[in-house]
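# Structural overview
Each chain, letter by letter, is given below.
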Amino acid sequence: MNARRLLYITGVVALIAWIIVPIYLIALGAFSGRAGVFRWPKSLWPGDATFAAMQVFLQVEGVWKAALNSVIVAGLCMLFSVLLGAPAGYALARFSFRGQTAYRLLIVLTRAFPLAILALPLTVNFIRVGLYDTTLGVALVHTALAFPFAALVSSSLFMGIPRELEEAAWVFGCSRFQAFMKVVLPLALPGLAATAIFAFVISWNEVFAAAVLTVRERTLTAYLLTVLSESPLHFRFAGGFLLIVPSVLFIFAVRKYLFAMWGISNR
Amino acid sequence: MTNSRLLPYLLVAPSVVFLGLLFVVPLVQTIVIAFTDQGGASLAHFRKMAGDLNFGLSLRNTFLLVAVVIPLQIGLALAMAVMLQKLEKGRDLVLWIWTIPLGVSDLAAGLVWLAILQDRGYLNSALFALGLIDGPTNWLSYENPTTLFIGIVLAEIWRATAIVLVILVAGFQLIPKEYNEAAEVFGATGWTRFRKITLPLLKPSLQSALILRTVLAFEVFAVVYALGGRNYPVLVGEAYTWMRDSQNDGVAAAYAILIMVISLAATLLYIRLLRTKPETQA
């Protein structure tokens, strides 16, 4: 029994290391600069890590702008996903209406398709309406990626809020809208915030559509992808590290909701 | 109240319009672009796609990657989920660490593993210290397709097992404890309980995890590109190259159609294979 326990603990620790160590190593690569990247053999301790290496990366032409673009795109995606997803989720949770099954199917289909690939024809459409190579255009495509999650998650959120609370508010003279704003929304707000952050992460990490739909207004992922083959290694590691940090922090912020979200939204 | 009958439609209308413009219309357009050439219906783009040197290779590579990565991920995620069930202390912390890759993009994951596997990287430094290699060795080059493949598999497993884990942990939470307790009373061992109770009740979660992961796995691109450039061609990478470098929308659209058909076929297959009767659901 003791040997089994030891095996079990070893397994847990090994899997923790499996996740943590690679992140530590890219951080090391990102902060050790040009000299560190070519050193051989490498030390696994942060001997020559400096902030200067990261600073150099941030001063490279285009990096700062690309990072800013990524934030703008992800912010817009977050906004659109909630604005479209929350009403849809509320409708799915509180009403039974004709066409509901078809609507649900549309949402599930959107999620089951390799959506980023649709960026190809969208290029032509976007050029026509002036959305090509704009942050707004990329944000719209990313919203299509994030919307199914936002809708299904907020529908399960609203289902978890008892209808009686809302009805009580109507009895006391609230209109449907007032009841929603004063009773339902405050209860749903933390969950909606988690949904929004999840949309942010989806957008921040998306590569293909962002790379196809932009030329000058690149997001960080699109920028890194296009300069990948000609950029030095320490530059790539700094970029990779910069991509990882915000989304890891965001996942930490919403960790409580991840499971509730997936458990229900997948049925 | 006519108001409340109209309300659900008003609520879903914006998203229907949005999905129409950003999903249905481009979907139809992709099909049109792929199947027309110089104004008429034709399979020319598909012929050109199939005739390309990289086509067979990228198709084979993508399938190989999916076939190796998905089973390993499901197995690993199941093991992790079972371990979490048994953990008494620090469960939340372990869970958070294990789900960190959820926020890591495929491009970043590729770069993380590039830092480890490049010729002067950390893996080689460790191997050198152990005396296993004589100097910098390039594992990710064109001449070493096997090690490049292993590198991509490692990066994919590292990055995308977390989403399977999250879905499975959520599924575990829905299995009533009494089932396991009852089986224990009747003398079922841990392994029997896992096979006869946990696994069947987990089927719906396994199904959604498989569908989501497989669809995303057929889209694999940035991880591969970051690690091996075009040394390991995959389907989406080819679509990207045809679009970006060759400026050929038709062939790119043909690739898109192919990927969609494969993803859809995989989804339908899973739905068929893992069908659960309503009365056996937890």
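Keep in mind that what you see is a predicted model, and the values were worked out from it rather than measured.

## Description of the overall build of chain A
A tally of helices and strands in chain A yields 13 helices and zero strands. When the helices and strands of chain A are placed in sequence order, the string is α-α-α-α-α-α-α-α-α-α-α-α-α. Along the longest, intermediate and shortest principal axes, the C-alpha atoms of chain A span 75 × 70 × 30 Å.

## Comments concerning the overall build of chain B
A tally of helices and strands in chain B yields 13 helices and two strands. C-alpha extents for chain B along the principal axes are approximately 80 × 70 × 30 Å. Looking at the 282 residues of chain B, the share that counts as buried comes to 43%. Nonlocal contacts in chain B, meaning residues at least 24 apart in sequence, comprise 72% of its contacts between residues at least 6 apart.

## Quick word on the domain arrangement of chain A
Reports of interface size often rely on the accessible area that becomes lost once the parts have come together. Residue and element names in this part refer to chain A. One can read the domain layout of chain A as domain 1 (1–59) and domain 2 (61–265). Placing the centre of domain 1 and that of domain 2 at their C-alpha centroids yields a distance of 31 Å. Facing the twelve residues of domain 1 at the interface are eleven residues of domain 2. Looking at the side of domain 1 that touches domain 2 element by element, the count peaks at five residues for helix α1 (residues 2–31).

## Quick look at the interface of chain B and chain A
At the junction of the two partners, chain B supplies 78 residues and chain A supplies 70 residues. For the side of chain B that touches chain A, the element with the highest residue contribution is helix α1 (residues 2–35) of chain B, accounting for 16 residues. Within the side of chain B that touches chain A, the residues separate by chemical class into 59 nonpolar, 14 polar and five charged.

## Side note on the domain arrangement of chain B
Residues and elements named next belong to chain B. Looking at chain B, the domain boundaries give domain 1 (1–42) and domain 2 (53–280). Using only C-alpha atoms to locate each centre, domain 1 and domain 2 end up separated by 31 Å. Taken together, the contact between domain 1 and domain 2 spans five residues of the former and six residues of the latter. Here the element with the most residues in the side of domain 1 that touches domain 2 is α1; it accounts for four residues. A per-class count over the side of domain 1 that touches domain 2 returns three nonpolar, one polar and one charged.

## Structural notes on the nonpolar core
Soluble globular proteins tend to bury their nonpolar side chains together. Counting 168 residues, the largest nonpolar core has Ala119 of chain A together with Tyr255 of chain B as the members making the most contacts within it. Look past the residues within four positions of Tyr255 of chain B in its chain and what remains in contact with it is Met49, Leu235, Glu238, Ala239 and Trp242 of chain B.

## Re the packing of α1 of chain A against helix α5 (residues 106–117) of chain B
Axis separation between α1 of chain A and α5 of chain B bottoms out at 9 Å; the angle between their running directions is 75°. Looking at the two axes, α1 of chain A sits roughly perpendicular to α5 of chain B. In this structure, α1 of chain A uses Pro22, Ile23, Leu25, Ile26 and Gly29 of chain A to contact α5 of chain B, whose residues at the interface are Leu111, Val112, Trp113, Ala115 and Ile116 of chain B. Considering only residue class, the contact of α1 of chain A with α5 of chain B consists of nine nonpolar, one polar and no charged.

## Overview of helix α11 (residues 220–227) of chain A
The element α11 of chain A is extensively covered by neighbouring structure, given that six of its eight residues are classed as buried. All of the buried residues along α11 of chain A are Leu220, Thr221, Ala222, Tyr223, Leu224 and Leu225 of chain A. On its buried face, α11 of chain A is in contact with α4 (63–94), α9 (176–205), α10 (208–213) and α12 (233–253) of chain A together with α5 and α11 (222–228) of chain B.

## Here's the deal with the packing of α1 of chain A against helix α4 (residues 91–98) of chain B
Packed helix pairs are specified by the crossing angle of their axes together with the interaxial distance, meaning the distance between the axes. Between α1 of chain A and α4 of chain B, the shortest axis-to-axis distance is 9 Å and the interhelical angle comes to 40°. Put simply, α1 of chain A runs oblique to α4 of chain B. Classified by chirality, the crossing of α4 of chain B by α1 of chain A is left-handed. In this structure, α1 of chain A uses Val12, Leu15, Ile16, Ile19 and Ile20 of chain A to contact α4 of chain B, whose residues at the interface are Val94, Ile97 and Trp98 of chain B.

The rules behind these values
Along every chain, residues carry numbers that run from 1 in the direction the sequence is written. Lettering of chains starts at A and numbering of ligands starts at 1, both following the order in which they are written. In keeping with the model being predicted, local features are shown solely for residues with a pLDDT of at least 70 and side-chain atom pairs are shown and tallied solely at 80 or more, while totals for entire chains, interfaces and linings include all residues. Counting from the N terminus, the helices are DSSP H or I runs at least four residues long and the strands are E runs at least two residues long. Note on burial: count the other C-beta atoms lying within 10 Å of the residue's C-beta; 20 or more is buried, 12 or fewer is exposed, in between is partly exposed, and C-beta positions come from the backbone. Once C-beta atoms are placed from the backbone, any two residues with those atoms within 7 Å are in contact. By convention here, the domain bounds are inherited from an automatic or database domain assignment. When residues are sorted by character, Ala, Val, Leu, Ile, Met, Phe, Trp, Tyr, Cys and Pro go into the nonpolar class, Asp, Glu, Lys and Arg into the charged class, and all the rest, Gly among them, into the polar class. Nonpolar core, as used here: buried Ala, Val, Leu, Ile, Met, Phe, Trp, Tyr and Cys residues forming one set through C-beta atoms within 7 Å. In this analysis an axis means a line fitted to C-alpha atoms, helices contributing only their contacting stretch, and an angle means the value between N-to-C directions, from 0 to 180 degrees. For classification purposes, angles smaller than 35 degrees are called roughly parallel, those larger than 145 roughly antiparallel, those between 65 and 115 roughly perpendicular, and all remaining angles oblique. Note: crossing handedness is left-handed where the near helix turns anticlockwise from the far helix by less than a right angle, and right-handed where it turns clockwise.

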